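A closer look at the structure
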There are 2 protein chains.
Amino acid sequence: MSSRNLLFMLVDYTGRIAETNEVFDTTIKEDAEKNNLLIRDEELQPKLIIPGSGWFPKGLEEALISMKKGEEKEIEVPPEKGYGPRDVSKIRTYPLRKFRNISDLKPGVQVEIDGRIGTVRLIRSGRVQVDFNPPLAGRTLIYHVKVKDIIRNRLLRVKHLIKRRIPSLKIEDIKVNIKESTVTIELPSESYTTQGIQIIKNAIYNDITKYIPSITEVVFVERYGAPKKKVKTTPSKRKKSKKASIST
Amino acid sequence: MSSRNLLFMLVDYTGRIAETNEVFDTTIKEDAEKNNLLIRDEELQPKLIIPGSGWFPKGLEEALISMKKGEEKEIEVPPEKGYGPRDVSKIRTYPLRKFRNISDLKPGVQVEIDGRIGTVRLIRSGRVQVDFNPPLAGRTLIYHVKVKDIIRNRLLRVKHLIKRRIPSLKIEDIKVNIKESTVTIELPSESYTTQGIQIIKNAIYNDITKYIPSITEVVFVERYGAPKKKVKTTPSKRKKSKKASIST
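Residues numbered from 1 in each chain as written. Chains lettered and ligands numbered in written order. Predicted model: local features only at pLDDT ≥ 70, side-chain atom pairs only at ≥ 80, totals over all residues. Heavy atoms only, no water.

1. Some thoughts on unusual backbone geometry
All names here are of chain B. Located in the positive-phi region is Asn 36, a residue other than glycine, with phi close to 50°. Looking at the element boundaries, Asn 36 is found in the loop between α1 (29–34) and β3 (47–49). Assessed through its relative accessible area of 68%, Asn 36 is described here as exposed. The backbone of Glu 180 shows a phi angle near 50°, a positive value even though the residue is not glycine. Residue Glu 180 is classed as exposed on the basis of its relative accessible area, which comes to 72%. (Helix = DSSP H or I, 4+ residues; strand = E, 2+ residues; numbered from the N terminus. Buried < 20%, exposed > 50% of the residue type's maximum accessible area, 1.4 Å probe, protein only.)

2. Overview of the sheet that holds strand β12 (residues 217–225) of chain B
Read from one edge of the open sheet, six strands run β10(A)-β11(A)-β12(A)-β12(B)-β11(B)-β10(B), paired in mixed fashion. In this open sheet, the two strands that pair with only one neighbour each are β10 (175–179) of chain A together with β10 (175–179) of chain B. Within this sheet the neighbouring strands show an average axis-to-axis angle of 20°, counted without direction. The pairing of strand β11 (residues 182–186) of chain B with β12 of chain B spans four bridges and is parallel. Bridging from a neighbouring strand, Val 183 of chain B pairs with Val 218 of chain B of β12 of chain B. Lying over the sheet, helix α4 (residues 197–211) of chain A contacts β11 (182–186) and β12 (217–225) of chain A together with β12 of chain B, oriented at roughly 145° with respect to β12 of chain A. Most of the contacts of helix α3 (residues 154–165) of chain B go to β10 of chain B, to which it runs at about 130°, and overall it touches β10 and β11 of chain B. (Pairing = 2+ DSSP bridges. Axes fitted to C-alpha atoms, helices over the stretch in contact; angles between N-to-C directions. Contact = heavy atoms within 4.5 Å.)

3. Some thoughts on the packing of α3 of chain B against helix α4 (residues 197–211) of chain B
Residues and elements named next belong to chain B. Interhelical geometry of α3 versus α4 gives an angle of 140° and a closest axis separation of 10 Å. Note that α3 runs across α4; the crossing there is right-handed. Along its contact with α3, which presents Val 158, Leu 161, Ile 162, Arg 164 and Arg 165, the element α4 presents Ile 200, Ala 203, Ile 204, Asp 207, Ile 208 and Tyr 211. Classifying every residue of the contact of α3 with α4 gives eight nonpolar, no polar and three charged. (Left-handed = near helix turned anticlockwise from the far one by under 90°. Nonpolar A, V, L, I, M, F, W, Y, C, P; charged D, E, K, R; others polar.)

4. Considering the relation of the copies chain B and chain A
Least-squares fitting of chain B to chain A yields an RMSD of 0.1 Å, with the superposition described by an axial translation of 0.1 Å and a rotation of 180°. Between the two chains, the operation in question is that of a two-fold axis. Across chain B, the rotation axis passes nearest the C-alpha of Val 221 of chain B, at a separation of 2.3 Å. Interface overlap between copies: 100% of the residues of chain B at the interface are likewise at the interface in chain A, consistent with a symmetric, same-surface contact. (Least-squares fit on C-alpha atoms with pLDDT ≥ 70 in both.)

5. Here we look at the pairing of β12 of chain B
Across the nine residues of β12 of chain B, eight count as buried, placing the element largely inside the fold. As defined by bridge partners, β12 of chain A adjoins β12 of chain B across nine bridges and the pair is classed as antiparallel. The residue bridging Val 218 of chain A from the neighbouring strand is Tyr 224 of chain B, located in β12 of chain B.

6. A short note on the pairing of strand β6 (residues 110–113) of chain A
Residues and elements named next belong to chain A. Of the two faces of β6, only the one carrying Val 111 and Ile 113 is buried; Gln 110 and Glu 112 on the other face are not. Here β6 runs beside strand β7 (residues 116–124); their pairing, made up of four bridges, is antiparallel. Following the sheet pairing, Gln 110 is matched in β7 by Thr 119. Counting the residues between successive antiparallel strands, the hairpin from β6 to β7 contains two residues, one of them, Asp 114, with a positive phi of roughly 50°.

7. A look at the environment of Ile 212 of chain B
Residue and element names in this part refer to chain B. Relative to the helices and strands, Ile 212 resides in the loop between α4 and β12. For the pair Ile 212 and Ser 181, spaced 31 residues apart in the sequence, the C-alpha separation amounts to 9.9 Å. Discounting residues that sit within four places of it in the chain, Ile 212 has contacts with Phe 8, Arg 154, Arg 157, Val 158, Leu 161 and Asp 207.

8. Things to note about the pattern of salt bridges
Residues and elements named next belong to chain B. Counted by the stated rule, this structure contains 35 salt bridges over all chains. Across the pair Glu 222 and Lys 201 runs a salt bridge, and its minimum N-O distance is 2.5 Å. Residue Glu 222 is located in strand β12, and its partner Lys 201 is located in helix α4; the two are separated by 21 residues in the primary sequence. Each member of the pair, Glu 222 as well as Lys 201, is classed as buried. (Salt bridge = Lys/Arg side-chain N within 4 Å of Asp/Glu carboxyl O.)

9. Brief notes about the side chain of Thr 26 of chain A
All names here are of chain A. Relative to the helices and strands, Thr 26 is located in strand β2 (residues 23–26). In terms of polar contacts, Thr 26 uses its side chain to reach the side chain of Thr 14, at 2.7 Å. From its side chain, Thr 26 meets the backbone nitrogen of Ile 28 in a polar contact 3.0 Å long. When residues no more than four places from it in sequence are discounted, the contact partners of Thr 26 are Tyr 13, Thr 14, Asp 31, Ala 32, Leu 37, Ile 39, Glu 43 and Leu 44. (Polar contact = N/O pair within 3.5 Å; in protein donor to acceptor, adjacent residues only side chain to side chain.)

10. Remarks on the environment of Tyr 205 of chain A
For Tyr 205 of chain A, the location among the structural elements is in helix α4. Residues Tyr 205 of chain A and Val 158 of chain A, 47 residues apart in the sequence, show an inter-C-alpha distance of 9.9 Å. Those residues within four positions of Tyr 205 of chain A in sequence are excluded, and the remaining contacts are Thr 216 and Val 218 of chain A together with Tyr 224 and Gly 225 of chain B.

Right, dumping it as structure tokens:
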């Protein structure tokens, strides 16, 4: 991936398996509900896709490159540009007794064996067939995509890279400042206690310096308490400034 | 506790039980070794004591108030100014079978029963006596103390409040800046992944605003990566600046 000409796209999509029409992922609330997909609300928003990053199947990322803001399209992704071909050598059979500790063993259930995650395919005559291929391997995928936005502003690019790691954040609640090669980030205080926040911050640093190469340093600022200030607000003013909030 | 006239003292001490002469705590490496106390090196340094804070027994804190830098003293702390009197109603007897899961049950071992921590006192005829008093309750304590320093500088006070929560830190590795009622703190990057660091930061905020009331806001700055800089160092210079380090 060349770091030049990187595209930061906000994309709504619904992906389904070509042969079965089964929807496996979506950013659209309606589609999630229609297909009984359990997806948290914070994931039901347009997603940041940077073609070339490899976060999404290659076929999807490639097709997006030539799309414009507002454009809608159906993209077919064959296995070789998706989750790879299905490898039959990755299907193994085990005696049923190996699964004694699993109460809800049935086809479709994911199990961990020797550190690898597999999907139960068949249970028959005391034997269990487990498929260690990625669930979508060998499938042709059809993505219905809509490019909601293309982000050119560097500051906004930073914010969306942050939001990708903490999807519950609202873009407008992230404070970002860029000065030369240093970006300073102030997350809302609720995120200070997000599980694994220190690992997330390190990942955000990696993402930003990788996808915005002009930035080499990322500084996180965390604020506890507030300086004593007299907030002068008249009732009439208060009405106007709906978005104003007192940082805690 | 009045916030005025707070004393920030760095104190070396060794505490022993008056009647048995048993050493129970110390900041002195030699005393720890002589008495086979397992204390981590980072705790074998003078400790921050703020008389009135209640971090140490009242009798110890009270006696320290009138001491000067460099002064050494033996302080006797009776139970009522130490860990309180021993309350016999806090001694309970349980059947031995309740402790089946404890392999090394013997007098002196600490056990948890119904969420309370107690010390095993006696094991006899199938019964176990457990004392829920604090281990030093009812004891007269003798502290040998030496006031290593009295800290008057506000910036240094902040640093020592931080070090109290992260004893492994070196004072000179903590960057602190005070502007009006806001203190900005930059910890060395190794501490970013200290277990529970977010809870520690909140505790540091509470400590600072409590014991240095002129400060109302605490800002933590965490730096990932470094701006590209040409470090100009000639070999001769490098020798001089032994303490210089490149922040990462």
